[in-house]
Amino acid sequence: MLALIVEDDPRVARFLVRGLQEEGFVVDVCERGDEAAAQGLRQPYDVVLLDWNLPGLDGLSVLRGWRERGLEAPIIVLTARSGVDPTVLALGAGADDYMTKPFSFEELLARVRVQLRRRALPATADAQIAIGRARLDARRRTVERGGAVEALTNREFQLLDLFLRHRGEVLSRTRILDRVWGVDADPSTNVVDVHVCHLRAKLDDPAEAGAPTAIETVRGRGYRLRTEEELAP
């Protein structure tokens, strides 16, 4: 999951980054509203935490600009302002939720999860998802194959979630790296190949020699998750 934090207070920003990273998020940070206006359109963020009072451009102006340009990610406005009027303004500008500072991280995380559940794509919204002879339990983050249950790491789950959202589509290593590990990841690393290998081991049945792997390597281009029709026995 990829999150954007727009916050000019370094202390608050560090608090949010640390908390979200511990929950498995890849996090980008902007300190200025004008920078955030451009950054929010560069990446398909899963959630945005947006401060209201920002240098360069205020949060509501950033928010309106994003919505006018088609940004659909859930946006939670964070501000020291309280009362009905600021809440109405934020929601009217396109915010999905609104939190008044100070707030507990546990409550913020709960609200983030609510927004992610609401925006879940059909492929990953179901609790049980068939992937050939394997079955993903998205809520428990486990894969069951041949009676054996394997737990997925945070990265493996994020990687599989990305493949499911683009099932049948070839995803380049660069795109996977940006989406799952973030824009600061080293493009020369083999971390994508290693995680795909681990994920294959949990999805494919070693007893079925010659059967197609769930995740296909497309030479020179990247990887793709095969469709259910392709994986049918």
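Structural notes on the overall build of the chain
Logical step 1: Broken down by element type, the chain carries 10 helices and 11 strands.
Logical step 2: Dimensions of the chain along its principal axes, counting C-alpha atoms only, are 65 × 35 × 30 Å.
Logical step 3: Roughly 11,800 Å² of accessible area belongs to the chain as shown, and the carbon and sulfur atoms make up 49% of that amount.
Logical step 4: Taking the average location of the 33 positive side-chain charges in the chain and that of its 37 negative ones, the two points are 2 Å from each other.

Here we look at the side chain of glutamate 156
Logical step 1: Positionally, glutamate 156 belongs in helix 7 (residues 154-165).
Logical step 2: One polar contact links glutamate 156 to lysine 202, side chain to side chain, over a distance of 2.7 Å.
Logical step 3: Not counting chain neighbours up to four residues away, the residues in contact with glutamate 156 comprise Ala151, His195, His198, Leu199 and Lys202.

So, the packing of aromatic side chains
Logical step 1: Evaluated as defined, the whole model comprises one aromatic pair.
Logical step 2: Between phenylalanine 15 and phenylalanine 105 the ring centres are 5.9 Å apart and the planes differ by 80 degrees, which places this aromatic pair in the edge-to-face class. Residue phenylalanine 15 is found in helix 1 (residues 10-22), and its partner phenylalanine 105 is found in helix 5 (residues 105-119); the two are separated by 90 residues along the sequence.

Examining the pattern of salt bridges
Logical step 1: Under the definition given, this model contains 16 salt bridges.
Logical step 2: For the salt bridge of arginine 111 with aspartate 97, the shortest nitrogen-to-oxygen distance reads 2.9 Å. Pair noted here: arginine 111 is in helix 5 and aspartate 97 is in strand 5 (residues 97-100), with a separation of 14 residues, a long-range link.
Logical step 3: Between glutamate 169 and arginine 175 there is a salt bridge, with the nearest N and O atoms lying 2.7 Å from each other.
Logical step 4: A residue is classified by how much of its surface remains accessible, and glutamate 169, at 32% relative accessible area, is partly exposed.
Logical step 5: Taking the relative accessible area as the measure of exposure, arginine 175 reaches 35% and is therefore partly exposed.

Cut-off values and rules
- Residues numbered from 1 in each chain as written.
- Predicted model: local features only at pLDDT ≥ 70, side-chain atom pairs only at ≥ 80, totals over all residues.
- Heavy atoms only, no water.
- Helix = DSSP H or I, 4+ residues; strand = E, 2+ residues; numbered from the N terminus.
- Areas by Shrake-Rupley, 256 points an atom, 1.4 Å probe, with all protein chains shown as cover.
- Lys, Arg positive; Asp, Glu negative; His and termini not counted.
- Charge placed at Lys NZ, Arg CZ, Asp CG, Glu CD.
- Polar contact = N/O pair within 3.5 Å; in protein donor to acceptor, adjacent residues only side chain to side chain.
- Contact = heavy atoms within 4.5 Å.
- Phe/Tyr/Trp six-rings, centres within 6.5 Å; stacked < 30°, edge-to-face > 60°.
- Salt bridge = Lys/Arg side-chain N within 4 Å of Asp/Glu carboxyl O.
- Buried < 20%, exposed > 50% of the residue type's maximum accessible area, 1.4 Å probe, protein only.

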